[in-house]
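Summary of structural features
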Amino acid sequence: MCRISVKEAESHAKHRKQQACPFAGLGILIRVGFDVSGSPKPKSSFNSASGCDQRRLAAAHGKLMPAALIIGTGPAGLFCAQALASAHWPGSVTVIERGTRFDERFLSRTDWEFDPDAVLCGEGGAGFLADAKLCLSSDAGNQFEDDLAAQYPRALQDIDFHVYQHLLDLGHEIRRAEPNRHQLHVVRRRLSDLALELDTYPVRPLGSDMAAAFLRRFVGNLQNRGVAFVYNTEAKTIAYDRAARVYRVTAPTCGTQMEYECTHLFLAVGWAGSAWLRETGSSLGLEFTANNLDIGVRLEFPTFGGHQLKEAGDNPKIKFYDGHSYSKTHCLVHAGRAFSFNFLDHHFLVDAHAVRRQPTRASSVNFLYRIRPEHIKDPLQVFRAVSASAREYGQNRPLVMALTDFLEDEALPSSDSSFEPTMHAAVECDLSLVLPGRVANTIREHIRQLARFAPGIATREAVIYAPAAQWVMPRVKLGRNFIGPDAQNLYCIGDCTGLTAGVLPAAVSGVVAARDAVARLTGDLQLPLWSFP
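Every value quoted in this text rests on a predicted model; they were computed, and no experiment measured them. Throughout, a residue's number is its position along its own chain's written sequence, starting from 1. Reporting in this predicted model follows two pLDDT cut-offs: at least 70 for local features of residues, and 80 or more for side-chain atom pairs to be given and counted; totals over whole chains, interfaces and linings ignore these cut-offs and use all residues. Hydrogen atoms and water are omitted, and side-chain values are computed over all heavy atoms in the structure.

With that out of the way, let us pick up the overall build of the chain. Only DSSP runs of H or I covering at least 4 residues are called helices, and only runs of E covering at least 2 are called strands; the numbering of each starts at the N terminus. Assigned secondary structure in the chain consists of 13 helices and 24 strands. Each residue is placed in one exposure class: buried if its accessible area under a 1.4 Å probe, protein chains only, is under 20% of its type's maximum, exposed if it is over 50%, and partly exposed if it falls in between. Buried residues in the chain amount to 60% of all 533 residues. For the chain, restricting intrachain contacts to residue pairs at least 6 apart in sequence, the fraction spanning at least 24 positions comes to 78%. Per-residue and other accessible areas follow the Shrake-Rupley method at a 1.4 Å probe size, with only the shown protein chains counted as cover for residues. Put simply, the chain shows about 21300 Å² of open surface, and 46% of that area lies on carbon and sulfur atoms. Throughout, a residue-residue contact means that at least one pair of heavy atoms, one from each residue, lies within 4.5 Å.

Following this line, the structure appears as structure tokens:
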């Protein structure tokens, strides 16, 4: 069996599209990051020896150096690697990714059109690709508890400033968007009179183009600090060798059998890997519990309707209660484009993104109905049922319905703008055939009420796309700081845990897990929960 170094593996993955695989059929085995143990080395002393060299050194000294393997290059995986590098991790740090580099995830950079198969997987994950809003609220997008919940406000401020500074160094100043306090008081009162509840907070709206600029610099810095990245490599199986105290991860690439061996494993597989994690996690002792499911539609309307909604904030959560649960607005995208993407093999979702340098005449926002954990055992299964119906009616394409038909209101006013729907591949369908009755009825009333505050969202030209969703993952039972139940140096981080939803919460989980690994490795259990360079 042939062994190659991490650098050779990375080069092979990078160029595999340009030439035939030179290692095909050889059954390559990659051993990641063994070295002699000792005190943490200086930042400049990262080990880059091949697996063979590291095993020889380990045999000579009788002790193994910790090797960190991160699966996934979304916000959680990238910031986990950043935290390990900044803490002078004494062994190797390798990140493998099922998808491609960020710039390769687009079908067209002219129109910033996504490859539907590359939205959830690839460098930056879904959060940085789709609009890349940094929501600066301790209550948004997380289900953190105890110490982490207390530290989270500082954590998200630190990471937000880190992103801001990177872009500022590149000549791009992306300022925070936050509503005027006096204006917000008036808006809350107006919404309250309509039986609507507002939750709003500051947002730093990067857009897909600024996210691309940030990631190029961020990933380049990590590579310069010794972190190895291997793309187009999908993890298949994970096994833990208790005697050797190592994890073995098989990840075939280009028909070549590869196996990564590590002492510390960080699973940051995001939405794209949630089903795989559910299947694989049981062998690792992971348990899953019910979680919230937010499911619904995306409403697209002329930009002046977006201006009216933005009076409540750049990404306002406006809720409407129906006596059982509530519908909420989510992910307001102003002057952007709607798109669909593939999820869970043959299922799909709709979303939207904006390019700061290429505004459109369309704005859109999700209306999502919250189905609580006590009513469902597995949010993935409920989503699959709704998505299967949508897929059948749409013939594997997203669905669209005129707002006049959805609201059953032919008296909606016409718009004077030159608005046109931005998702041209959608198939017309009666969405009441797809959405559960209570979901459709509550969202319908929610739109009616919100249109009294922002009339521009409900015009004759407006359309509704489906299905849209959030929080579709079961919740993973984890120990403190995202460590697995057996505490065998296994961590689950990011959106695949069912504990985070968004760039900043996922990034924070990656940093916290990395710091926990460093604390356990060094024996310094008094290491502060949060510190960011």
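Attention now moves to the environment of A506. As for its position among the elements, A506 is in helix α13 (residues 503-522). Its relative accessible area of 4% is what places A506 among the buried residues. As a C-alpha pair, A506 and L78 span 428 residues in sequence and 9.9 Å in three-dimensional space. Apart from the residues within four sequence positions on either side, A506 is in contact with P75, A76, G494, D495 and T500.

As a further point, take the environment of E279. Here E279 is to be found in helix α8 (residues 274-281). Distance in space between the C-alpha atoms of E279 and T237 is 9.8 Å, their sequence separation being 42 residues.

To continue, consider the pairing of strand β14 (residues 293-302). Counting buried positions along β14 yields ten of ten residues, so the element is predominantly enclosed. Being paired, for any two strands, means DSSP has found at least two bridges between them. Two strands pair when backbone bridges link them, and β14 and strand β19 (residues 362-371) are joined in this way by ten bridges, in the antiparallel orientation. Its bridge partner being in β19, D294 is matched across the sheet by R370. Inspection of the sheet shows β14 paired to strand β22 (residues 463-470) by six bridges, in the antiparallel sense. Its bridge partner being in β22, L299 is matched across the sheet by I464.

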